[in-house]
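Letter by letter, the chains look like this.
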Amino acid sequence: MQTITELLGEHGPLAQHLSGFAPRAQQQAMAEQVIRTLEKDGLLIAEAGTGTGKTFAYLVPALLHCQGSGKKVMISTGTKNLQDQLYHRDLPTVRDALGVSTTVALLKGRANYLCHYRLEMQEGRRTRPQQQDQLARIRAWSRQTKRGDTAELSAVPEDSPVWPMVTSTSDNCLGGDCPAYSECFVMQARKDAQEADVIVVNHHLFFADMALRDEGFGEVLPGVNAFIFDEAHQLPEVASVFFGLNFSSRQLQDLGRDTLIEVHAEAPDEDRMQPCLTALDKAARDFRLALGVDNRRAPWKELATQTSVHDSAENLLTILNRLAELLDGLAQRGKGLERCWRRALELRVQLGQFLVGDEPLTADSYEEDNATESIESTETGVPGSQVHIQWFETHSRGFVLHMTPLEIHETFRSYVDKQRSAWIFTSATLAVGDSFTHFARNLGLDDAASQRWDSPFDFARQALLYVPTDLPQPNTPDYTTAVVEAARPVINAAGGRTFFLLTSHRALREVARQLEGSIDFPLLVQGTLTRPELLERFRELGNAVLIGTSSFWEGVDVRGEALSCVVIDKLPFSSPGEPVLQARLEAMREQGLNPFFDHQVPQAVITLKQGVGRLIRDVQDSGVLMICDPRLFGKSYGRIFRNSLPPMPVTRDAADVKHFFEVHRN
Ligand code: SF4
């Protein structure tokens, strides 16, 4: 039997079956470490630089680990796109090459599967003409689809308001009481996942289930022998969202809409419901107004004592109570109405919890609450509950109230210990310099083995880091203008072919305004087209300049000459005005830690590494990285950032940039 290194070697099955497969020592070493971790149920944090081929470095061991052993591996990716790529492309490729019979399933969150019941409930409802057209397409597709995955129907945009009407949430799914249960796509996907050796999920789904939100595969988890997280640098952020509580105007609107549909179908004689839902809508809008006209994100304590906020929140609570009472009287008439009643109860309890500042309830607590059919306030002693940060965000038409855990490491670690499996966390950006402390501490993985495999690319030859001199400090008012002026000659030398990555939307607008009509290359600006459309245009044009913020810093792969220059305006520190960050920094200060060096710098280093990773995607690629921020050399902590970048030559002279492009174009 061949070793992992041989399987991934120049005479192995991957090299034989895959054209263009290049054996890499880093990939083989990582795969060996992964298989050892799988065999001993270990904990591994693995950073694999760009080009290592980390996907195959965990897929090969994962498939072999399951083959004929009855073991089950769950692989979680950062996005649904990566999930699809893994399931539809990478897994079949590796499985065929290895000649193994390991079974594989793809599982997404509920919102990705057509719900027959909700589609049926839309029948005869009045909607806008465009939505009617989209519903007709969905109906036609529903008769032929085998998996009901909404990604199959590209004719209806991903963000169409029609999708929430015809997909389910854990709130509105009828489960075993559903008339369409036997043909339900969500249930089918869960069943497939239960039977497969390898399950591909995404981080949102994983944490939704871990936080007992019943998103789709809770029953699968106990049987899993190994968890592999790709793009693992995203985990702390995603976990924070799911271990907290969100109460939003959107949830109220959805409940109002679903209640109306159910009442029309099951209780048309109930004439008190429409006035109650109208009052709920008005109360939600009044509460939004009480939160202030501006769109913002801020700590709740800024508003909590204001009389108008308190009164409008109490009014909202009273009307939610009224709705729950009305639905209580109707719940016997149908499962849909019963679900609406339970949702009204949950929302009422959540709002009550938020207003008194108690810890969020878990799903278990709600079940206990509902079992007694009580709408009175419940016990809040959640086992393992932690300190939460209360904050709110407002946008033009709505609001969200958040309770975000201050830390998630204890909750996450207790879950890791409970599962007794192998846990592998990988990404191109987990370490700061050589240290994994920041990532490990965030998830409670201090005792995990950790290892870095550097990119096999020849950065010394393929890349150049340019840091201009004479730029003002980033907090000066004309900083963005100075960045644009410094970047112009670099963009010209590159012949366009540039990603201009900004750290804020304000800077994005400013740079777009200044470059518009003043460069000789096509300009593509985030927000003018969808991300895939912008990337397609960028690749096609071959000499474009693309201006983007956070969504272009990671998960973007443009190989070849179309992308030969990346300009970054600032070191990507998170905004200190963010309420969650504020509270976390304050807590670190109280614990005697240094929040700047223990949290803000490591976080910014990891984000910067993501942005930098866009430049060199292949052995043939070459390009210039321009980081405009003078702090890279002007501050002592700049060294931490520099030491975390791939080993490329550095220049402060724009003439070197011109020379680099001249050499690399010949
Ligand atoms: S079981 Fe739930 S998701 Fe499935 S069809 Fe019924 S309501 Fe929709």
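Here's a quick rundown of the structure. (Residues numbered from 1 in each chain as written. Predicted model: local features only at pLDDT ≥ 70, side-chain atom pairs only at ≥ 80, totals over all residues. Heavy atoms only, no water.)

Moving on to the nonpolar core. In this structure, I138, F206, F207, F412, W423, F425 and L445 are the most contacted members of the largest nonpolar core, which totals 55 residues. Structurally, this core is a two-domain feature, drawing no fewer than three residues from each of domain 1 (4-103 + 196-241 + 409-453) and domain 2 (111-183). Leaving out residues up to four positions away in the same chain, W423 has contacts with T37, G42, L43, L44, F206, F227, F229, F412, Y415 and V416. Core analysis: the next-biggest nonpolar cluster, separate from the first, contains 42 residues, C276, L320, A331 and L345 among them. (Core = buried A, V, L, I, M, F, W, Y, C linked by side-chain atoms within 4.5 Å. Buried < 20%, exposed > 50% of the residue type's maximum accessible area, 1.4 Å probe, protein only. Domains from an automatic or database assignment. Contact = heavy atoms within 4.5 Å.)

It is worth spelling out the sheet that holds strand β7 (residues 297-299) at this point. Ordered in space as β6-β9-β8-β7, the four strands form an open sheet in which the pairing is antiparallel. Both outer strands of the open sheet, β6 (245-248) and β7, are each paired with one neighbouring strand and no more. Each strand axis lies, on average, 20° off the axis of its neighbour in the sheet, ignoring direction. Running at roughly 70° to strand β9 (residues 398-405), helix α13 (residues 273-290) makes contact with β8 (388-395) and β9 of the sheet. (Pairing = 2+ DSSP bridges. Helix = DSSP H or I, 4+ residues; strand = E, 2+ residues; numbered from the N terminus. Axes fitted to C-alpha atoms, helices over the stretch in contact; angles between N-to-C directions.)

Another aspect to go through is the sheet that holds strand β16 (residues 565-568). Strands sit in the order β14-β15-β13-β16-β17-β12-β18 across an open sheet of seven strands; the sheet is parallel. The open sheet is flanked by β14 (523-525) and β18 (650-651), the only strands paired with a single partner. In terms of strand pairing, strand β13 (residues 498-501) meets strand β15 (residues 545-548) through four bridges, oriented parallel. Following the sheet pairing, F499 is matched in β15 by L546. Across the face of the sheet, helix α21 (residues 505-515) comes into contact with β13, β14 and β15 while running at roughly 155° to β15. This element, helix α27 (residues 654-665), spans β12 (463-466), β16, β17 (623-627) and β18 of the sheet and lies at about 160° to β12.

Near the ligand you find R110, C115, H116, Y117, S168, C173, L174, G175, C178, Y181, C184 and M187, and these make up its full shell. Taken together, the residues of the shell around the ligand break down into eight nonpolar, three polar and one charged. (Near = heavy atom within 4 Å. Nonpolar A, V, L, I, M, F, W, Y, C, P; charged D, E, K, R; others polar.)

A word on the side chain of T77. Following the sequence through the fold, T77 ends up in strand β2 (residues 73-77). Classification of T77 by relative accessible area gives buried; the value is 2%. A polar contact of 3.4 Å, which involves the side chain of T77, links it to the backbone nitrogen of Q83. Sequence-distant contacts of T77, that is, excluding residues within four places in its chain, are made with L82, Q83, L86, V201, N202, H203 and D230. (Polar contact = N/O pair within 3.5 Å; in protein donor to acceptor, adjacent residues only side chain to side chain.)

Those residues of helix α22 (residues 531-541) not exposed but buried are L534, L535 and F538. The arc that holds every buried residue of α22, seen down its axis, measures 95°, which confines them to one face. Exposed side chains of α22 directed beyond 90 degrees from the buried face belong to P532 and E540. Positioned one or two residues after α22, G542 has a phi angle of 80°, which is positive. (Arc of directions from axis to C-beta.)

Turning our attention to the pattern of salt bridges. When their charged atoms lie close together, side chains carrying opposite charge are able to pair. Within this structure, the stated rule accounts for 39 salt bridges. R343 serves as the salt-bridge partner of D258, at 2.9 Å between the closest nitrogen and oxygen. With D258 in helix α12 (residues 249-266) and R343 in helix α15 (residues 335-356), this pair connects stretches of sequence that are 85 residues apart. On the accessibility criterion, D258 (5% relative accessible area) is buried. Classification of R343 as buried rests on a relative accessible area of 6%. Put simply, D454 and R452 hold a salt bridge, and the shortest N to O gap is 2.6 Å. Within this structure, R118, R250, D254, R257, D258 and R343 form a network of salt bridges that share partners. (Salt bridge = Lys/Arg side-chain N within 4 Å of Asp/Glu carboxyl O.)

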